[in-house]
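Here's the letter readout for the chains.
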Amino acid sequence: MPDSLGTVLVTGGAGFIGSTLSHALAPRSERWVVVDSLLPQVHGTGGERPAALHPAAELVVADVTDRTALDAVVADVRPEVIVHLAAETGTAQSLDESSRHALVNVVGTTQLLDALTAADHVPDLFVLASSRAVYGEGVWRHADGREFQPGLRTHAQLERGEWDHPGSVHLANSATTTPAAPINVYGATKLAQEHLLGAWAGSRDSHVSVLRLQNVYGPGQSLTNPYTGIVSLFSQLARAGRSIPVYEDGAITRDFVYIDDVVSALAEVVSERVRLPRPVDIGTGVRTTILDVARAIAEYHGAPAPRITGAFRDGDVRHAACDITATEELLTWRPRWDLPSGVAALQTWIADELDAGAEGLE
Ligand SMILES: NC(=O)c1ccc[n+]([C@@H]2O[C@H](COP(=O)([O-])OP(=O)(O)OC[C@H]3O[C@@H](n4cnc5c(N)ncnc54)[C@H](O)[C@@H]3O)[C@@H](O)[C@H]2O)c1
């Protein structure tokens, strides 16, 4: 492992994943420069430097769509590694606010590339936090063995309560076997980021390592953003003694991966400058229903049992889980956290955060 990681630019580096990553790597970097707009939906409206960001991180409050700001940062930092985390991340929200998502996630990425071109600077490596959303509904297998990609569940289908594809099972997503086929705007923008960075880096002998993250949860996730972080949202409801409402029939599945496991994967790629030959999937490899995660959180707090509402959100995928076998062939990384331990750690953190907030109001 190199002594110093060199100069690292982290877009969106003041958020949930970026702040946690800063604790792992900022002290080991020559410079760890964060460009983050401190989006009010994530950070509130105060505009202060997030306490969770490591003190060694230099914070530039700027929008990735602001070319002038990016030009200045790139010319100053000339980063050897760029970790691209800045994004609008609301899956359901992205259907109603498509331009907002496309502007930040797509144009924000191309603005960054144009700023690099203008500074005549080529980083050694880009590391992209992509998403399981690029798979959409993924690949399913029918009882007769036939595999198919069902694509988007239509609004009419969901209205009728047709949640699953009868007689079929979802196969765990893997970058080696599952074609990318996003079904919501957010997923489409994340796939666009992969392609945009890949095209630019490939033509300049740089490289993009793409990590497709499953559902990340844990301490540090925004407690106020209503559009992301189902485990945080459920935890706050149960903590308040309320019954957690669960969408569809409760059998939606996700692979919930604890923040420290995501950060250790990113840290390996950044610190070892790993040039991944293909995207990798970062999850636990374990599939959990939303009802089961709601039950575990409710039981932890002694809250009333979760209730299945039959409500749904257009653009939600039915099942998302990944197979990490191919990732384990390329990285020494292994996930360490199971769901009960991660959920318990999150509850402790939320209690501390909310108690600290309450004290501040006294
Ligand atoms: N958390 C997850 O479950 C998950 C899953 C898959 C992929 N990802 C990806 O990981 C990355 C980080 O996600 P996170 O969970 O830390 O989210 P987050 O919302 O906590 O962090 C994103 C950061 O980007 C910043 N940002 C947003 N728009 C910006 C803009 N226009 N200019 C500059 N900064 C901007 C926000 O202020 C925030 O600090 C994102 O790219 C996301 O797509 C996250």
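Model, not experiment: these values are computed from the prediction. (Residues numbered from 1 in each chain as written. Predicted model: local features only at pLDDT ≥ 70, side-chain atom pairs only at ≥ 80, totals over all residues. Heavy atoms only, no water.)

Draft legend 1. Fine view of the overall build of the protein chain. Scanning the protein chain for helices and strands turns up twelve helices and 16 strands. The C-alpha radius of gyration of the protein chain comes to 20 Å, within 12% of the 21 Å expected for a compact globule of 362 residues. Taken over the C-alpha atoms alone, the protein chain extends approximately 60 × 55 × 40 Å along its principal axes. Per-residue burial for the protein chain yields a buried fraction of 51% across its 362 residues. Put simply, of all contacts in the protein chain between residues at least 6 apart along the chain, 84% involve residues at least 24 apart. Put simply, the protein chain shows about 14,800 Å² of open surface, and 52% of that area lies on carbon and sulfur atoms. Between the centroid of the 27 positive side chains of the protein chain and the centroid of its 45 negative side chains there is a distance of 4 Å. (Helix = DSSP H or I, 4+ residues; strand = E, 2+ residues; numbered from the N terminus. Rg over C-alpha atoms; globule rule 2.2 N^0.38 Å. Buried < 20%, exposed > 50% of the residue type's maximum accessible area, 1.4 Å probe, protein only. Contact = heavy atoms within 4.5 Å. Areas by Shrake-Rupley, 256 points an atom, 1.4 Å probe, with all protein chains shown as cover. Lys, Arg positive; Asp, Glu negative; His and termini not counted. Charge placed at Lys NZ, Arg CZ, Asp CG, Glu CD.)

Draft legend 2. Representation of the site of the ligand. Taken together, 28 residues lie around the ligand, and Asp36, His43, Leu85, Tyr186 and Lys190 are the ones closest in. In this structure, Gly15 approaches the ligand through a main-chain N or O atom, which is 3.2 Å from an oxygen atom. A distance of 2.9 Å separates a nitrogen atom of the ligand from a polar backbone atom of Val64. Computed on the free molecule, the ligand has an accessible area of 820 Å², of which 94% lies beneath the protein chains in the complex. (Near = heavy atom within 4 Å. Polar contact = N/O pair within 3.5 Å; in protein donor to acceptor, adjacent residues only side chain to side chain.)

Draft legend 3. Region of the structure containing the packing of aromatic side chains. As enumerated under the stated definition, the model contains five aromatic pairs in all. Both rings, one in Trp163 and one in Phe312, keep their centres 6.2 Å apart while their planes meet at 55 degrees; by these two values the pair is tilted. Residue Trp163 is found in the loop between helix H6 (155–159) and strand S8 (168–170), and its partner Phe312 is found in the loop between strand S16 (307–308) and helix H11 (325–330); the two are separated by 149 residues along the sequence. Geometrically, the ring pair formed by Tyr258 and Trp337 is stacked, given 3.9 Å between the ring centres and 25 degrees between the ring planes. Residue Tyr258 is located in strand S13 (residues 256–258), and its partner Trp337 is located in the loop between H11 and helix H12 (339–361); the two are separated by 79 residues in the primary sequence. Taken together, the ring pairs connect Tyr217, Phe256, Tyr258 and Trp337 into an aromatic cluster. (Phe/Tyr/Trp six-rings, centres within 6.5 Å; stacked < 30°, edge-to-face > 60°.)

Draft legend 4. Looking closely at the sheet that holds strand S14 (residues 280–282). On the basis of which strands lie adjacent, the open sheet formed by seven strands has the order S3-S2-S1-S4-S5-S9-S14 and parallel pairing. In this open sheet, the two edge strands, each paired with only one partner strand, are strand S3 (57–61) and S14. Averaged over all pairs of adjacent strands, the angle between their axes in this sheet comes to 20 degrees, without regard to strand direction. For strand S2 (residues 31–36) and S3, the ladder comprises five bridges, and the chain directions are parallel. Opposite Asp36, over in S3, you have Val61 as the bridge partner. Together, strand S1 (7–11), S2 and S3 form the strand contacts of helix H3 (residues 67–77), whose direction differs from that of S2 by roughly 175 degrees. Across the sheet, helix H5 (residues 98–118) is in contact with S1, strand S4 (81–84) and strand S5 (125–131); its angle to S4 comes to roughly 165 degrees. (Pairing = 2+ DSSP bridges. Axes fitted to C-alpha atoms, helices over the stretch in contact; angles between N-to-C directions.)

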